Amino acid sequence: MQIFKVGGAVRDRLLGKPVTDIDWVVVGATTEEMLAKGYRPVGADFPVFLHPKSGEEYALARTERKSGRGYGGFTFHASPEVTLEEDLIRRDLTINAIAEDDQHNLTDPYHGQRDLEARILRHVSPAFAEDPLRVLRVARFAARYAGLGFSVAPETLELMRQLSESGELEALTAERSWKEISRALMEDQPQVFIQVLRDCGALKVLMPEVDALFGVPQPEAHHPEIDTGLHTLSVLEQSALHKQPLTVRWACLLHDLGKGLTPEEEWPRHIAHEHTGLKLIKAVNERFKAPKDCQELALLVGKYHTHGHRALELKASTLLELLQSFDVYRRPQRFEEFIAACEMDARGRKGLEQRSYPQADYLRGAAKVAREVAVQPLLEKGFKGPELGEALKRERLKALKAYKEAASA
Ligand code: ATP
Ligand code: MG
């Protein structure tokens with residue numbers, strides 16, 4: 001048997017990028033031989049094994065044929081006769097279809113090195129269209145390597161468009177989609193992921209609520225970029241520049257969905273978009289089965305981001321309601337993430353990327369003041385049950401009033 005490094009490990013080494021996980025392909029071997037050498041099978045009917053020591057993935061060279069809709073609709077053919085070239089041709093991008101042996105000799109039948117140099121993301125063969133997940137994968141690689149100057153080949157984008165129009169994207173499971181989406185959002189330029197999905201018509205299928213924001217104007221005074229879709233891309237860009245966690249990036253993507261529902265005659269104003277957007281945010285959350293912390297933050301940011309921007313003008317009682325809504329006493333981190341998302345929203349506007357955002361420290365200070373109200377003295381006065389809750393609220397309100405006065409003095 002012959003063993004080759006493939007995929008990301010070869011690609012990233014050639015790009016001079018750090019290699020994290022290594023994928024291997026094994027040519028000329030049978031399942032029985034792999035098991036005899038101590039490799040552990042990954043699944044019952046999938047020719048992929050884990051190395052007994054390193055735990056890295058070793059896949060038998062295989063060919064694939066599509067036999068139905070979605071990812072389940074694949075039949076694999078793995079046998080010792082399948083050649084390296086046959087295995088490489090089923091891969092998504094030419095830059096991912098280069099193999100390397102232990103002497104560093106490259107096998108590159110589909111000219112991946114040429115595309116690496118030309119900074120092109122190009123599909124290997126028409127079989128690309130057999131797995132709709134590849135649309136998301138290509139967009140994710142575009143987000144990752146945009147900084148190096150990569151872009152999607154026009155003919156690949158065209159195939160992605162056909163796939164998006166064919167209805168195949170709807171066959172993707174929430175789990176597979178979310179895995180790509182969440183990884184893409186954590187790349188250096190997550191806005192490129194959304195842009196590429198939009199360019200090929202996939203955004204309209206996957207997240208029509210986000211797609212609908214393009215072409216919707218906002219007041220120029222607050223939003224020099226005017227277009228709500230462009231604003232959303234900028235907010236996402238800021239969230240990556242500021243190294244925000246996934247929760248914040250997800251909330252950034254979805255914070256303005258309500259603006260897509262504003263009747264045209266009300267443009268460019270979007271009264272109450274925070275509320276109209278909530279059911280859309282919920283729908284997107286549920287469509288991809290986003291993790292609970294992502295879902296929660298997206299809804300809270302959607303509902304309260306304008307409160308964040310108006311923090312310094314909020315009445316003490318409104319400030320208190322805001323802090324209570326976030327349960328800032330038990331979930332201080334979540335409120336920090338809310339503040340971060342609001343700040344990204346404020347900076348994700350043309351020409352305002354460097355603006356200061358005093359609201360952030362003001363909100364942090366308010367949270368601190370409210371959290372510092374002690375329960376013990378109230379217990380000593382004999383408050384308990386709902387009355388204790390009320391007394392605590394009164395004390396916090398008092399503290400916030402003092403905080404607000406001191407801040408405006
Ligand atoms: P990463 O750095 O994200 O791990 P990668 O290219 O190694 O990038 P993997 O998901 O680890 O991506 O897959 C390893 C290789 O398997 C890819 O480079 C590609 O050749 C192939 N591959 C993975 N998923 C698909 C797919 N859905 N369609 C076609 N080829 C795929
Ligand atoms: Mg990999």
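Going by an unreviewed UniProt entry, the chain carries the name Multifunctional CCA protein and comes from Pseudomonas rustica. Reading the Subunit (unreviewed entry) entry of the UniProt record for the chain gives the comment "Monomer. Can also form homodimers and oligomers." Entered under Sequence similarities (unreviewed entry) in the UniProt record, the comment concerning the chain runs "Belongs to the tRNA nucleotidyltransferase/poly(A) polymerase family. Bacterial CCA-adding enzyme type 1 subfamily."

Remarks on the site of ligand 1
Near ligand 1 you find 16 residues, and of these Arg 11, Arg 134, Arg 137, Arg 144 and Arg 183 are the closest. Asn 96 places a main-chain nitrogen or oxygen 3.0 Å from an oxygen atom of ligand 1. Here an oxygen atom of ligand 1 and a side-chain polar atom of Arg 144 are 2.9 Å apart. Summarising the interface, the protein chains cover 82% of the accessible area of ligand 1, which totals 580 Å² for the free molecule. Looking at the shell around ligand 1, the element that brings in the most residues is helix H5 (residues 133-145), giving five residues. A per-class count over the shell around ligand 1 returns one nonpolar, three polar and 12 charged.

Notes on the environment of Leu 322
Structurally, Leu 322 can be placed in helix H16 (residues 316-325). Taking the C-alpha atoms as reference points, Leu 322 and Gly 149, separated by 173 residues in sequence, lie 43 Å from one another. In contact with Leu 322, not counting residues within four places along its chain, are Tyr 304, His 307, Leu 314, Phe 335, Phe 338 and Leu 363.

A word on helix H7 (residues 174-185)
With 12 residues, H7 extends 16 Å between its outermost C-alpha atoms, agreeing within 8% with the 16 Å of an ideal straight helix rising 1.5 Å per residue. Burial analysis of H7 places nine of its 12 residues in the buried class, the great majority of the element. Looking at the buried side of H7, the elements it contacts are H5, helix H8 (190-199), helix H11 (228-241), helix H12 (246-254), helix H14 (278-287) and helix H15 (292-309).

Here we look at the pattern of salt bridges
Working definition: two side chains of opposite charge can pair if their charged atoms are close together. Tallied over the entire structure, the rule returns 29 salt bridges. With a closest N to O distance of 3.5 Å, Asp 211 and Arg 198 form a salt bridge. Within this pair, whereas Asp 211 is found in helix H10 (residues 208-211), its partner Arg 198 is found in helix H8, the two being separated by 13 residues in sequence. Judged by relative accessible area, which is 12%, Asp 211 ranks as buried. Between Arg 349 and Asp 345 there is a salt bridge, and its shortest N-O distance comes to 3.3 Å. Judged by relative accessible area, Arg 349 falls into the buried class, the value being 8%. Looking at Asp 345, the relative accessible area reads 3%, which means it is buried. Because the salt bridges share partners, they merge into one network encompassing Arg 62, Glu 64, Asp 87, Arg 90, Arg 91 and Arg 134.

Quick notes on the UniProt feature "binding site: Mg(2+)" (unreviewed entry) in the chain
On the UniProt side, "binding site: Mg(2+)" (unreviewed entry) is annotated at positions that read Asp 21 and Asp 23 here. Assignment of secondary structure puts Asp 21 in the loop between helix H1 (8-14) and strand S2 (23-27). Using a relative accessible area of 49% as the deciding quantity, one classes Asp 21 as partly exposed. Counting through the fold element by element, Asp 23 comes out in strand S2. Setting aside anything within four residues of it in sequence, one finds Asp 23 in contact with Phe 4, Lys 5, Val 6 and Glu 57.

Description of the environment of Pro 358
Positionally, Pro 358 belongs in helix H18 (residues 358-371). Taking the relative accessible area as the measure of exposure, Pro 358 reaches 48% and is therefore partly exposed. Spatially, the C-alpha atom of Pro 358 lies 9.4 Å from that of His 309, the residues being 49 residues apart in sequence.

Describing the packing of aromatic side chains
Within this structure, the stated rule accounts for 10 aromatic pairs. Ring geometry for Phe 141 and Tyr 145: centres 6.3 Å apart, planes at 0°, overall stacked. With Phe 141 and Tyr 145 both in helix H5, this residue pair falls four residues apart, about one helical turn. Classification of Tyr 145 as buried rests on a relative accessible area of 0%. Aromatic side chains Tyr 145 and Phe 150 sit 5.6 Å apart centroid to centroid with 50° between the ring planes, which places their arrangement in the tilted category. Residue Tyr 145 shares its accessibility class with Phe 150, and that shared class is buried. Over the face of the ring belonging to Phe 141 we find Arg 140, whose NZ or CZ atom lies 4.9 Å from the ring centre. Positioned over the ring face of Phe 214 is Arg 198, at 4.1 Å from the centre of the ring.

Considering the packing of helix H17 (residues 332-347) against H18
The interhelical angle for the contact between H17 and H18, taken along N-to-C directions, is 160°, at an axis separation of 10 Å. Taken together, H17 and H18 sit at an angle that is classed as roughly antiparallel. Remark: the crossing between H17 and H18 carries right-handed chirality. Packed against H17, whose contacting residues are Pro 332, Phe 335, Glu 336, Phe 338, Ile 339 and Glu 343, the element H18 presents Ala 360, Leu 363, Arg 364, Ala 367 and Arg 371 at the interface. The class makeup of the residues in the contact of H17 with H18 is seven nonpolar, no polar and four charged.

What about the UniProt feature "binding site: CTP" (unreviewed entry) in the chain?
Under the feature "binding site: CTP" (unreviewed entry), the UniProt entry names Gly 8, Arg 11, Arg 91, Arg 137 and Arg 140. With respect to the helices and strands, the residue Arg 91 is situated in the loop between helix H3 (84-89) and strand S8 (99-100). Classification of Arg 91 by relative accessible area gives buried; the value is 15%. Here Arg 91 is in contact with Val 6, Val 25, Asn 96, Ala 97 and Val 124, once residues within four sequence places are set aside.

Basis of the calculations
- Throughout, a residue's number is its position along its own chain's written sequence, starting from 1.
- Written order decides the labels, with chains lettered from A and ligands numbered from 1.
- The predicted nature of this model means local features are confined to residues of pLDDT at least 70 and side-chain atom pairs, given and counted, to a pLDDT of 80 or more, with totals for whole chains, interfaces and linings taken over all residues.
- Based on all heavy atoms of the structure, the side-chain values leave hydrogens and waters out of the count.
- UniProt positions are given in the numbering used here, feature names are shortened, and annotations may be inferred rather than shown by experiment.
- We call a residue near a given molecule or strand whenever any one of its heavy atoms falls within 4 Å of it.
- Polar contacts, as used here, are pairs of N or O atoms within 3.5 Å; protein pairs need one atom able to donate a hydrogen and one able to accept it. Residues neighboring in sequence count only if both atoms are side-chain atoms.
- Only the protein chains shown count as cover for residues, and all accessible areas are computed by the Shrake-Rupley method using a 1.4 Å probe.
- Runs of H or I in DSSP of at least four residues are treated as helices and runs of E of at least two as strands, each being numbered from the N terminus.
- Amino acid classes used here: Ala, Val, Leu, Ile, Met, Phe, Trp, Tyr, Cys and Pro are nonpolar; Asp, Glu, Lys and Arg are charged; the rest, including Gly, are polar.
- By definition, residues are in contact when any of their heavy atoms lie within 4.5 Å.
- Take the number of residues in a helix, subtract one, and multiply by 1.5 Å to get its expected span.
- A simple rule labels every residue: compare its accessible area, found with a 1.4 Å probe on the protein chains alone, to the largest value its type can have, and call it buried under 20%, exposed over 50%, or partly exposed in between.
- Salt bridge, as used here, is a side-chain nitrogen of Lys or Arg placed within 4 Å of a carboxyl oxygen of Asp or Glu.
- Each aromatic pair joins two rings of Phe, Tyr and Trp (for Trp, the six-membered one) with centres within 6.5 Å, and gets the label stacked for planes under 30 degrees apart, edge-to-face for over 60, and tilted for any other angle.
- Whether a charge lies above a ring is judged from NZ of Lys or CZ of Arg, which has to be within 6 Å of the ring centre and within 35 degrees of the ring normal.
- Fitted lines through C-alpha atoms give the axes, limited to the stretch in contact for helices. The angle between two N-to-C directions lies from 0 to 180 degrees.
- Note on angle classes: values under 35 degrees are labelled roughly parallel, values over 145 roughly antiparallel, values of 65 to 115 roughly perpendicular, and the remainder oblique.
- Less than a right angle of anticlockwise turn of the near helix away from the far helix marks a crossing as left-handed, whereas a clockwise turn marks it as right-handed.

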